[in-house]
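Spelled out from the first residue to the last, the chains are:
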Amino acid sequence: MTPLTAIRRCRRHAAGLALGAMLVPAVFAPLALAADKKKDPDEIGNRDVGKGVNFYSIEKEIALGKQMAQEVERQARIVDDPIVAEYVNRVGQNLVRNSDAKVPFTIKVIDSDEINAFALPGGFFFVNTGILLNADNEAEMAGVMAHEIAHVAARHGTRQATRGELVNYGSIPLIFLGGWTGYAIRQSMGLAIPMGFLTFSRGFESEADMLGLEYMYKAGYDPTSFVDFFEKVQSQEKRKPGTMSKVFSSHPPTDDRIKAAQKNIQELLKAKPEYVVTTSEFADVKTRVLGMHNRKVADTSKDANSGRPTLRRNPNGTIDANGDEKAPQTDSEDRPTLKRRD
Ligand code: ZN
């Protein structure tokens with residue numbers, strides 16, 4: 001199947017921005033209530049997750065992010081293949097629509113093997129091809145993207161920078177400024193982006209983990225795919241140290257983040273009868289990226305190479321003699337892959 005056919009056939013994501021959904025007025029609630037709302041996926045869009053001390057107006061944040069994005073585009077190799085770019089953008093915009101973000105997103109793909117994605121303040125979002133190449137399905141890619149969208153929705157970049165400025169005045173001890181993400185990005189790409197905007201505290205990281213899980217869940221994806229990808233990156237690094245991006249290695253998918261994510265999935269996200277795992281389009285686009293790099297399709301994942309929708313079943317489902325899981329019946333071939341709740 002050609003990727004073009006796959007795009008026509010897959011109508012699951014409606015393209016374009018639902019600006020209306022983003023302009024939901026902020027709800028003014030007491031702090032305790034606001035915190036609880038953050039844990040309730042039904043409140044997505046009706047809560048102000050970006051609240052906090054911030055020296056930057058939204059307008060200033062967007063202008064700043066745009067400036068940084070131009071710098072990134074000057075230095076990084078942006079993928080101009082329309083099929084790859086359009087697909088990644090569409091998956092991202094669908095997540096944005098299911099998030100608390102109040103800014104429109106610009107999503108671009110960077111041609112780089114490093115497993116990395118980063119969103120600048122104001123919604124300028126870059127996804128490395130390394131994410132596509134290392135994800136086994138669309139839900140895994142969506143999990144990483146949802147995490148980055150959460151950083152923007154919660155305005156972590158400018159809030160962190162505000163903290164940095166406060167630090168300069170000596171009002172907040174340095175211990176609150178964990179993480180070296182921004183530094184790693186500057187080192188690996190030589191970018192002139194002020195560190196504060198990409199350097200997130202542990203608190204912001206765990207918040208982005210939680211919100212990102214809610215966004216991907218609301219968009220219909222299996223939230224456990226986020227944990228799957230985390231674990232994969234972790235084991236890859238153990239097998240072959242140094243393959244992980246500098247960003248991930250300096251801000252690793254640690255056991256406590258994995259445990260917290262599993263706990264959040266159990267406690268906050270009501271089980272759904274089925275989830276999207278992948279689409280035929282994901283496999284096609286991944287193959288296309290591999291082709292761009294003139295690589296062999298060496299991935300062992302069947303999901304990634306079959307070129308047709310694949311389905312994951314619960315452990316009680318049937319498994320054939322080859323150990324392959326039997327796909328539940330679908331009414332048409334172009335339906336996204338679904339997974340029954342374990
Ligand atoms: Zn993060």
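Residues numbered from 1 in each chain as written. Predicted model: local features only at pLDDT ≥ 70, side-chain atom pairs only at ≥ 80, totals over all residues.

Scanning the chain from terminus to terminus reveals 15 helices and five strands. Looking at the chain residue by residue over its 342 residues, the buried ones come to 44%. Pairs at least 24 apart in sequence give 70% of the contacts found in the chain among residues at least 6 apart. (Helix = DSSP H or I, 4+ residues; strand = E, 2+ residues; numbered from the N terminus. Buried ≥ 20, exposed ≤ 12 C-beta atoms within 10 Å, placed from the backbone. Contact = placed C-beta atoms within 7 Å.)

Quick look at the sheet that holds strand β2 (residues 117-120) now. Pairing is mixed across the open sheet formed by three strands, whose spatial order is β1-β3-β2. Strands with a single pairing partner mark the edges of an open sheet, and in this sheet they are β1 (106-110) and β2. Looking at each pair of strands side by side, their axes are set apart by 15° on average, direction ignored. In terms of strand pairing, β1 meets strand β3 (residues 124-128) through five bridges, oriented parallel. The residue of β3 that forms the bridge with Ile110 is Asn128. Against the sheet, helix α4 (residues 58-75) contacts β1, β2 and β3, and its axis sits at roughly 30° relative to β3. Across the sheet, helix α5 (residues 82-97) touches β1 and β3, and the angle it forms with β1 is around 135°. (Pairing = 2+ DSSP bridges. Axes fitted to C-alpha atoms, helices over the stretch in contact; angles between N-to-C directions.)

This brings us to the packing of α5 against helix α7 (residues 138-153). With their axes 10 Å apart at the nearest point, α5 and α7 run at an angle of 55° to one another. Considering the angle they form, α5 stands oblique to α7. α7 is crossed by α5, and the crossing has right-handed handedness. For the pair α5 and α7, contact is made by Val91, Gly92, Leu95 and Val96 and by Glu138, Met141, Ala142, Met145, Ala146 and Ile149, respectively. (Parallel < 35°, antiparallel > 145°, perpendicular 65-115°, else oblique. Left-handed = near helix turned anticlockwise from the far one by under 90°.)

With that settled, the discussion passes to the packing of helix α11 (residues 224-239) against helix α13 (residues 255-268). Two elements in contact, α11 and α13, have axes whose closest approach is 10 Å; the angle formed by their N-to-C orientations is 170°. Compared by their axis directions, α11 and α13 come out roughly antiparallel. Note that α11 runs across α13; the crossing there is left-handed. Contacts between α11 and α13 involve Thr224, Phe226, Val227, Phe230 and Glu231 from the former and Ile258, Ala261, Gln262 and Ile265 from the latter. By residue class, the composition of the contact of α11 with α13 is six nonpolar, two polar and one charged. (Nonpolar A, V, L, I, M, F, W, Y, C, P; charged D, E, K, R; others polar.)

A word on the nonpolar core. Counting residues in each nonpolar core, the largest one holds 65 residues, and the members touching the most others are Leu95, Val127, Ala142, Met145, Ile149 and Met216. The element that contributes the greatest number of residues to this core is α7, accounting for 10 residues. Once residues lying within four places of it in the same chain are set aside, the contact partners of Ile149 are Leu95, Val96, Ser99, Ala101, Ala119, Gly212 and Tyr215. (Core = buried A, V, L, I, M, F, W, Y, C linked by C-beta atoms within 7 Å.)

This part takes up unusual backbone geometry. A positive phi angle is found at Arg155, which is not glycine, with a value near 55°. Counting through the fold element by element, Arg155 comes out in the loop between α7 and α8 (156-168). C-beta crowding within 10 Å serves as the criterion here: with 26 such atoms nearby, Arg155 is assigned to the buried category.

The subject of this paragraph is the confidence of the model for the chain. Summing up the model confidence of the chain, the mean pLDDT is 74 and the portion of residues at 70 or higher is 61%. Least confident of the elements in the chain is helix α1 (residues 3-9), whose mean pLDDT is 29; most confident is α5, at 98. Overall, residues 1-29 carries pLDDT values under 50, and its contacts beyond four positions in sequence, including any with other chains, amount to 42 contacts. (pLDDT = per-residue confidence, 0-100.)

Walk down a regular strand and you will see the side chains alternate between the two sheet faces. Along β2, one buried face is formed by Ala117 and Ala119 and the opposite face, lined by Phe118 and Leu120, is buried too. In this sheet, β3 lies alongside β2 in antiparallel orientation, the contact comprising four bridges. Directly across from Phe118, in β3, lies its bridge partner Phe126. Where β2 folds back on β3, the antiparallel hairpin that results is connected by three residues, among which Gly122 adopts a positive phi of roughly 85°.

This next bit is on α4. Taking 1.5 Å per residue as the helical rise, α4 with its 18 residues ought to reach 26 Å, and the 26 Å between its terminal C-alpha atoms agrees with that figure. Here α4 has its buried residues at Glu61, Leu64, Gly65, Met68 and Ala69. The buried residues of α4 occupy one face: seen down the axis, they fall within an arc of 140°. For α4, exposure combined with an orientation more than 90 degrees from the buried face picks out Glu59, Gln70 and Arg74. (Expected span 1.5 Å × (residues − 1). Arc of directions from axis to C-beta.)

Quick look at α5 now. The terminal C-alpha atoms of α5 lie 22 Å apart, and with 16 residues this matches the ideal 22 Å at 1.5 Å per residue to within 8%. All of the buried residues in α5 are Val84, Tyr87, Val88, Val91, Gly92, Gln93, Asn94, Leu95, Val96 and Arg97.

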